[in-house]
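These are the residues of each chain, in order.
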Amino acid sequence: MAVRAVSTCCILRSACSSPSVSSFRCRLHQRQSLQHEKYSKLGFRSSIAPCVRNFHGYCRIRVCYLHSLVDSVMEELEFLRGRRRTRVGNKVGLMSSGQLLAEKLAKQEMREGLLLEFKKDSERVLLAVAQKPDGKRNWMVYDQNGVTSSIKPQQITFIVPGVEKFDHTQISEFIREAQDNLDPTLLEFAWVELLEKNKSVTTEELAEMIFGSAEPLQSYCAHLLLSKDEIYFSTLESKGSCCVYVPRPTAQVDELLQRKLAKEAAEKELQEFIQLLSSAKQMVPHNKPSKSSWMEDERIHFRIKSLEAYAIDAFMEDDQKRMAGTILKEMGLTKTASSAVNLLIDIGYFRVHVNLDLLKLNIRTEHTKEIASAAETLLLESSDVDKMDRRDLTHLKVYAIDVDEADELDDALSATRLQDGRVKVWIHVADPTCLVQPGTIIDKEAMSRGTSIFLPTATYPMFPEKLAMEAMSLKQGKLCNAVTVSVVLHSDGSIAEYSVDNTVIRPTYMLTYESASELLQLNLEEEPELKILSEAAALRLQWRRHEGAIDTTNIEARIKVTNPNDPEPSINLYVENQADPAMRLVSEMMILCGEVIATFGSFNNIPLPYRGQPQSNIDLSAFSHLPEGPVRSSAIVKVMRAAEFDFRKPIRHGILGIPAYVQFTSPIRRYMDLLAHYQVKAFLRGDALPFSAGQLEGIASIVNMHFRLAKKLCNSSLRYWILEYLRRQPKEKTFRAVVLRFIKDRIAALLLTEVGLQASAWISVGVQIGDEIEVRVEEAHPREDVLSLRSL
């Protein structure tokens, strides 16, 4: 049972007749009376004003008066029902909903002066007055915004009944009056009564029922209530702009109400979150919330993670995408990844120079507690199974040469001259397999990473730090386990004899490439071994070129960023020429080691990741006209074929000019090198080999995928920081560049020799490939990966 008292009233609903409400509720509804004269001015046909009978004095109800109150209200309700039945009963009592709609449509034939509602677009519904026909079916209308347009019949959503020759200047006043009289709670009262009687209702009938009148304004108010209602009524049937509505079942209404409450609560939470974002944006950098603080509340965490997913285009579910889009819209931002990135930077969640590729590629930057604990246990409990078989090479002078910030040192060199004048070199490689065995948790973690990742801002090692940078790494002056490849060279640089052994060494010097090059130039008598190493490298390069090796040395950049979390971190740029004496020395010794291991593996039938690179498609004479160095190297690299692997037998590496090759010198940094160590070490012990050729191939396919992702990340990160370095340079600064090739017309590919970066620019007529020019940076935007150069 529902009871409605109009004006100042009390609404009661019985729990037994309305299961959706568990107790009596009291509501007050104030409604202003509508003036007859006002409606006459607006063009309404009827002069009947709403008939309202008022009840007063029931704003406060005591339990003892409940019975008399209900009786009084019921009498009023019966009066209103009788009045409504008198007006509409004869019209609809014998009609079906379809017949009723047909009759209403006949009465609503379009004509000049009608007040109607139409759908302007997907988001806007407007009121307008019909002006005149526009063709056979369309009509010209004048809408509430003062705009005249042509509309189609299907755009009309409602024709206000009882209106003739409506004055379009009164549309705004009509809308205001309608808005003042909207009370969605009235629908609930009507729903209870109609549900009890199992009756449908039209717009005019509902107006009569809840307002006591079916006048134009009341009918339009009823239409607005029904059109916006998502709880109590559903459309039973519709034809054109006329509809018949039916009350929803109680269970469905209860469910929809719960959904509405949940939606309102979610909207409230969203607005609170938007306020939180706005406040964080206004804070100075050092006062902004920490990244961890955004994770404390689960709901806030979900919204932040949604924005993060939007920023890197990595949605796990559709809810994230919708949530992020809603947040950006509420913040007044465009729905783009860059907007999400900038917002997260503004609130302090992302640092200014956040590495988005690191997030996009889902690269793990830390080892889990389980892995760290396993590493600690390994350090405490492991023993060197090869201890008794290790050769003591601590008498040798050992040079470890690497970049100055290297944390994982996994190779070092020694050399001497034999009595017969030949050169003997030792390539010492760190021996992580004395700690880690195949199939262990540490090994599986290393395999899942594939490689250590070296970025300008940080290093993410393949092994946990305590293993990679301490227990496994070669340390100056410390006893270190190693696998040593010793080689005696013929005078032409070819291999005369070799051996592969488990050893223990004591590194003597830790040199950077720069310091090693300086020592070579000084030619100190105290360092004859370094000079012999340089001589061996020259012999090897000469021999490889004789065997068809192709020189691809180039200029490369290396960047070290300190305090990367600062808005303006310090950037240290190093430009390395691969033809530098020290770099050439180390490179030749690494290639020599790879050739020996491949030869050793082939001779002993050991499955290994043999690496080769065909060169049959390269005609070097086609590049002879190009200047030697970066210009020729870059041209050759563009036509080089990708490297190939064979896990059963060696394949020629044409680019290096050697018959076989296995990467072996970076087992702490590269898992493929570690695989080679597992196989070679097992053979040296006389144990069964841990992997067959087929197993190696399967592992390699996974590892190489991770390696490619890591390489992509390293390249993009390096380029970002080079662009950031260029962005900070004075606008008037000029840079030297070498023309590598022409891309199209006068647009050329350039190598900025002082930066080690390839870029493009338009250059003037007369400049040729290989010429050196000067350029100036016009624009540099690292986040957008934009670099614009102007040649001078």
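Look a little higher up for the structure.
The rules we used
Residues numbered from 1 in each chain as written. Predicted model: local features only at pLDDT ≥ 70, side-chain atom pairs only at ≥ 80, totals over all residues. Heavy atoms only, no water. Salt bridge = Lys/Arg side-chain N within 4 Å of Asp/Glu carboxyl O. Helix = DSSP H or I, 4+ residues; strand = E, 2+ residues; numbered from the N terminus. Buried < 20%, exposed > 50% of the residue type's maximum accessible area, 1.4 Å probe, protein only. Pairing = 2+ DSSP bridges. Axes fitted to C-alpha atoms, helices over the stretch in contact; angles between N-to-C directions. Contact = heavy atoms within 4.5 Å. Expected span 1.5 Å × (residues − 1). Core = buried A, V, L, I, M, F, W, Y, C linked by side-chain atoms within 4.5 Å. Phe/Tyr/Trp six-rings, centres within 6.5 Å; stacked < 30°, edge-to-face > 60°. Lys NZ or Arg CZ within 6 Å of the ring centre and 35° of its normal.

Undergrad: I tried to follow the pattern of salt bridges on my own but got confused; where do I start?
TA: Should the charged atoms of two oppositely charged side chains come close, the side chains can pair. Evaluated as defined, the whole model comprises 46 salt bridges. One salt bridge in this structure joins Arg-259 and Glu-255, with 2.6 Å as the shortest N-O distance. Of the two residues, Arg-259 and Glu-255 both sit in helix α8 (residues 250-282), four residues apart, roughly one turn of that helix. For Glu-255, a relative accessible area of 42% corresponds to the partly exposed category. Between Glu-724 and Arg-728 there is a salt bridge whose closest N-O contact spans 3.0 Å. Using a relative accessible area of 1% as the deciding quantity, one classes Glu-724 as buried. On the basis of relative accessible area, Arg-728 is assigned to the partly exposed category, the value being 30%. Here the salt bridges share partners, and the residues they tie into one network are Asp-384, Asp-386, Arg-390, Asp-431, Lys-681 and Arg-685.

Undergrad: Explain the pairing of strand β25 (residues 786-791) here, please?
TA: Along any regular strand, the residues point their side chains to alternate faces of the sheet. Burial of β25 is one-sided: the residues Leu-787, Leu-789 and Ser-791 facing one way are buried, the residues Val-786, Ser-788 and Arg-790 facing the other way are not. From the end of strand β24 (residues 772-781) to the start of β25, which pair antiparallel, there are four residues, and Asp-785 there has a positive phi angle of about 55 degrees.

Undergrad: What should I look at first to understand the sheet that holds strand β3 (residues 138-143) in this one?
TA: Hydrogen bonds between backbone atoms are what pair the strands of a sheet, whose relative direction is either parallel or antiparallel. One open sheet holds the five strands; their spatial order is β4-β3-β2-β1-β5, and the pairing between them is antiparallel. Edge positions in the open sheet fall to β4 (148-151) and β5 (156-159), since each of these has one partner strand only. Direction aside, neighbouring strands of the sheet carry axes that sit 45 degrees apart on average. In terms of strand pairing, strand β1 (residues 115-119) meets strand β2 (residues 125-134) through five bridges, oriented antiparallel. Across the sheet, residue Phe-118 finds its bridge partner in β2, namely Leu-126. Helix-sheet contacts for helix α4 (residues 171-180) involve β1, β2 and β3, and the interaxial angle to β2 is about 145 degrees. Of the strands in this sheet, β1, β2 and β5 are in contact with helix α7 (residues 216-228), which crosses β5 at around 145 degrees.

Undergrad: What's the story with helix α5 (residues 185-197) in this structure? I'm lost.
TA: Along an α-helix, a turn takes 3.6 residues, which lines up residues three or four apart on a common side. If you check α5, its first and last C-alpha atoms are 19 Å apart, about what 13 residues at 1.5 Å a residue would give, namely 18 Å. Taken as a whole, α5 has its buried residues at Leu-186, Leu-187, Glu-188, Phe-189, Ala-190, Trp-191, Val-192, Glu-193 and Leu-194. Looking one or two residues past α5, Asn-198 carries a phi angle of roughly 55 degrees, positive in sign.

Undergrad: Looking at this structure, how should I read the nonpolar core?
TA: As a rule of thumb, soluble globular proteins bury nonpolar side chains together. Counting 43 residues, the largest nonpolar core has Val-425, Ile-427, Leu-533, Met-589 and Ile-597 as its most contacted members. Secondary structure elements with two or more residues in this core: β9 (399-402), β10 (411-417), β11 (423-430), β14 (480-489), α16 (513-522), α17 (528-546), α18 (581-603) and α20 (671-685). Not counting chain neighbours up to four residues away, the residues in contact with Ile-427 comprise Ala-412, Leu-413, Val-483, Thr-484, Val-485, Val-487, Met-589, Met-590, Leu-592, Cys-593 and Thr-665. Judged by nonpolar contacts, the second largest core, of 40 residues, contains Ala-446, Met-472, Ile-668 and Tyr-671.

Undergrad: What's the story with the packing of aromatic side chains in this structure? I'm lost.
TA: Any aromatic ring pair is given by two values, namely how distant the centres are and how the planes are angled relative to each other. For the structure shown, the criterion picks out ten aromatic pairs. A ring pair is formed by Phe-166 and Phe-174, whose centres lie 5.9 Å apart and whose planes are at 80 degrees; its orientation type is edge-to-face. By relative accessible area, Phe-166 is classed as buried at 5%. Ring centres of Tyr-720 and Trp-721 lie 5.3 Å apart, and the angle between their planes is 80 degrees; on these two criteria the pair is classed as edge-to-face. Comparing Tyr-720 with Trp-721, the two get one shared label, buried. Ring-pair connections join several aromatic residues into one group, and the members of that group are Phe-158, Phe-166, Phe-174 and Tyr-220. Here the guanidinium or amino end of Lys-291 rests over the ring plane of Tyr-349, the centre of that ring lying 5.0 Å away.

Undergrad: Looking at this structure, I do not really get unusual backbone geometry. What am I missing?
TA: Excluding glycine, most residues fall at negative phi; most peptide bonds, likewise, are trans. The residue Asn-198 is not glycine, and still its phi comes out positive at about 55 degrees. Position of Asn-198 among the secondary structure elements: in the loop between α5 and α6 (203-211). A relative accessible area of 70% means that Asn-198 is categorised as exposed. With phi around 55 degrees, Asn-563 is a residue other than glycine that occupies positive phi space. Tracing the sequence through the fold places Asn-563 in the loop between β17 (555-562) and β18 (570-577).

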